[in-house]
Amino acid sequence: MVDPISIKSALTRVGPINGPGAPSARQPEQASAARADALADTRRAAREMAARPPVDADRVAEIRRALEEGRFPITPAKIADRLIAAQMLWARRDEQD
């Protein structure tokens, strides 16, 4: 059975305004402090990442040597599959924007 909607039933469903179970005045402050901490952590991580180059130069050198020595596996089908997958991701992002 569906409960009828009335002012009395709506008020009792909202919960107490004062007393046990009522939201405290400190909750917004705690949420704000948590957001500030998260923002500070994000900024710190961004600074750390910006301090390092975006490319691992050692890994690039290792791959370059492997290519020159002919021991880096080049599979055209795998390259084509990954290019197609990347294009599909880019297309989806363009559609969402």
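Residues numbered from 1 in each chain as written. Predicted model: local features only at pLDDT ≥ 70, side-chain atom pairs only at ≥ 80, totals over all residues. Heavy atoms only, no water.

1. Some thoughts on the overall build of the protein chain
And step 1. Within the protein chain one finds 4 helices and 0 strands.
And step 2. For the protein chain, the succession of helices and strands along the chain, N to C, is α-α-α-α.
And step 3. Residues counted as buried form 2% of the 97 residues belonging to the protein chain.
And step 4. Total accessible area on the protein chain stands at roughly 9,300 Å², and carbon and sulfur atoms take up 59% of it. (Helix = DSSP H or I, 4+ residues; strand = E, 2+ residues; numbered from the N terminus. Buried < 20%, exposed > 50% of the residue type's maximum accessible area, 1.4 Å probe, protein only. Areas by Shrake-Rupley, 256 points an atom, 1.4 Å probe, with all protein chains shown as cover.)

2. Focus on the confidence of the model for the protein chain
And step 1. Confidence in the prediction of the protein chain, expressed as mean pLDDT, is 79, and 71% of residues score 70 or more.
And step 2. Across the protein chain, the element-wise mean pLDDT spans from 51 in helix H1 (residues 7-14) up to 93 in helix H3 (residues 57-69). (pLDDT = per-residue confidence, 0-100.)

3. A short note on the pattern of salt bridges
And step 1. Taken as a whole, this structure holds 3 salt bridges when the rule is applied.
And step 2. Residue Arg44 pairs with Asp41 through a salt bridge whose shortest N-O separation is 2.8 Å. You can see Arg44 and its partner Asp41 sitting in helix H2 (residues 26-51), 3 residues apart, about one turn around the helix.
And step 3. For Asp41, a relative accessible area of 42% corresponds to the partly exposed category.
And step 4. One salt bridge connects Arg59 with Glu62, and the closest N-O pair in it is separated by 3.3 Å. Remark: Glu62 and Arg59 occur in helix H3; sequence separation between them is 3 residues, near one turn of the helix.
And step 5. Among the residues examined, Arg59 registers a relative accessible area of 41% and is labelled partly exposed.
And step 6. Overall, Glu62 belongs to the partly exposed group, its relative accessible area being 39%. (Salt bridge = Lys/Arg side-chain N within 4 Å of Asp/Glu carboxyl O.)

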